[in-house]
Amino acid sequence: MSKLGGKVIAAFATFIAVLTYLAIGAAIFQAIEQEHEIEQREQYDMQLNTLLDKVDPVFHDELKAPCHMIEILEADPNKTAQWNFVNSVIFCLTIVTTIGYGATYPVTDEGRGFCIFFALIGIPLFMRV
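Given the structure is predicted, the values throughout are model-derived calculations rather than measurements. (Residues numbered from 1 in each chain as written. Predicted model: local features only at pLDDT ≥ 70, side-chain atom pairs only at ≥ 80, totals over all residues. Heavy atoms only, no water.)

Enquirer: Help me out: how do you make sense of a nonpolar patch on the surface in this one?
Expert: Together, Phe12, Phe15, Ile16, Leu19 and Val129 give the surface a local cluster of nonpolar side chains, amounting to about 470 Å² of exposed area. Within the secondary structure, Phe15 sits in helix H1 (residues 3-54). A relative accessible area of 41% places Phe15 in the partly exposed class. (Patch = residues over 30% accessible without salt bridge, like charges linked within 9 Å, V, L, I, M, F, W, Y side chains within 5 Å. Areas by Shrake-Rupley, 256 points an atom, 1.4 Å probe, with all protein chains shown as cover. Salt bridge = Lys/Arg side-chain N within 4 Å of Asp/Glu carboxyl O. Helix = DSSP H or I, 4+ residues; strand = E, 2+ residues; numbered from the N terminus. Buried < 20%, exposed > 50% of the residue type's maximum accessible area, 1.4 Å probe, protein only.)

In structure tokens form, the structure reads like this:
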């Protein structure tokens, strides 16, 4: 095998390793953070319903309009989930590239701890690509 062929195989193997690392990291972040996200939605929904029960139905639309979270609660969860797999992969990519976009971030202690661990391994791995 030629020297160039060996380099191509090594580069391809590294690329596959990075993709695998991103996919595994995304699955772990989703497992950690999505449960918390769902609990938060249920809590907001319960608080909203409690508030709406105490207010005259005429004013329901006025109460709902300024609250962005209410729009998320009433939407399809698959369209509004912050910690779905695709968004988790994008988050992982921003971590290993050190971009740090900031729109999505872990809020649980477990997620934050895993983020540090993920970055410590992922940044040097990504630099090899």
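The discussion continues.
Enquirer: Please clarify how the packing of helix H5 (residues 85-96) against helix H6 (residues 109-127) should be interpreted in this entry.
Expert: Relative orientation of the contacting elements H5 and H6 amounts to 65°, with a least axis distance of 8 Å. Classified by the angle between their axes, H5 and H6 sit roughly perpendicular to one another. Judged by the sense of rotation from one axis to the other, the crossing of H5 with H6 is right-handed. Of the residues in H6, those touching H5 at Phe91, Cys92, Leu93, Ile95 and Val96 are Cys115, Phe118, Ala119, Gly122, Ile123 and Phe126. (Axes fitted to C-alpha atoms, helices over the stretch in contact; angles between N-to-C directions. Parallel < 35°, antiparallel > 145°, perpendicular 65-115°, else oblique. Left-handed = near helix turned anticlockwise from the far one by under 90°. Contact = heavy atoms within 4.5 Å.)

Enquirer: What is the right way to read a negative patch on the surface from this model?
Expert: A cluster of like negative charges, contributed by Glu35, Glu39, Glu42 and Asp45, occupies part of the molecular surface. According to the relative accessible area criterion, Glu42 is exposed, its value standing at 54%. (Lys, Arg positive; Asp, Glu negative; His and termini not counted. Charge placed at Lys NZ, Arg CZ, Asp CG, Glu CD.)

Enquirer: I would appreciate a short explanation of the packing of aromatic side chains in the present structure.
Expert: Here the distance between the centres and the angle between the planes together describe a pair of aromatic rings. Per the stated rule, a full pass over the model turns up 8 aromatic pairs. An aromatic cluster is built from Tyr21, Phe29, Trp83, Phe91, Phe114, Phe117 and Phe118, whose rings are joined through pairwise contacts. (Phe/Tyr/Trp six-rings, centres within 6.5 Å; stacked < 30°, edge-to-face > 60°.)

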